[in-house]
Amino acid sequence: MKLGRLNHIGVATPSIADSIVFYRDVMGATKIHEPFDLESQGVKVCFVDTPAHSTGSGLSDSGGTQIELVEPLPGNTSIASFLEKNPAGGQHHMCYEVPDIHAAKAEFEAMGKRVLGEPRIGAHGTLIFFVHPRDMGGVLTEIMETPKDEAHLSN
Ligand code: CO
């Protein structure tokens, strides 16, 4: 395994609408994407961009790590039970990019890490899988294949 770019940090929330207000008004986020349902995972998702470089650096603003707001859709159990333990929401997972999702899965499994299910299409439209937090220092870890184009940065 070769550590890739931190694509996003997943934050569970009981209300994406309320979280958008928080990231806009308290944190000063200026690029908040349109929320959408990711039916296959039973969640509504909204990405909030953080700039790639500090304000005033003169460098490009795009390409920074994102916050992924995750709200359970009806029938969801995993995020819903997380919110039972953390009613106000909270940090849920971290997502790193890899060039080849199947190679990464094989590498984690070879190290005895529990990969949760088969690679499937994630919120950015590329294949993802999760690794069990008990094998990852307590952090639920999402591994995501890097998009072939940069469309995920501008949608
Ligand atoms: Co995620």
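This one's a predicted model, so the numbers in the text were calculated from it and none came from an experiment.

Notes on the overall build of the chain
- Looking only at helices and strands, one finds 3 helices and 8 strands in the chain.
- Computed over its C-alpha atoms, the radius of gyration of the chain comes to 16 Å, within 12% of the 15 Å expected for a compact globule of 155 residues.
- Projecting the C-alpha coordinates of the chain onto the three principal axes gives extents of approximately 45 × 40 × 25 Å.
- Relative to its full complement of 155 residues, the chain shows a buried share of 43%.
- Excluding contacts between residues fewer than 6 apart, the proportion of contacts in the chain whose partners are at least 24 apart in sequence is 56%.
- Surface exposure of the chain reaches about 8500 Å², of which carbon and sulfur atoms provide 56%.

Regarding the pattern of salt bridges
- Under the definition given, this model contains 7 salt bridges.
- For Arg 24, the salt bridge is made with Asp 25, and the minimal N-O distance between the two is 2.8 Å.
- The exposure class assigned to Arg 24 is partly exposed, which follows from its relative accessible area of 44%.
- According to the relative accessible area criterion, Asp 25 is exposed, its value standing at 52%.
- Ionic pairing is found between Lys 105 and Glu 109, a salt bridge with its closest N-O pair at 3.2 Å. Here Lys 105 and its partner Glu 109 are both found in helix H3 (residues 101-110), 4 residues apart, which amounts to about one turn of the helix.

Procedures and definitions
- Residues numbered from 1 in each chain as written.
- Predicted model: local features only at pLDDT ≥ 70, side-chain atom pairs only at ≥ 80, totals over all residues.
- Heavy atoms only, no water.
- Helix = DSSP H or I, 4+ residues; strand = E, 2+ residues; numbered from the N terminus.
- Rg over C-alpha atoms; globule rule 2.2 N^0.38 Å.
- Buried < 20%, exposed > 50% of the residue type's maximum accessible area, 1.4 Å probe, protein only.
- Contact = heavy atoms within 4.5 Å.
- Areas by Shrake-Rupley, 256 points an atom, 1.4 Å probe, with all protein chains shown as cover.
- Salt bridge = Lys/Arg side-chain N within 4 Å of Asp/Glu carboxyl O.

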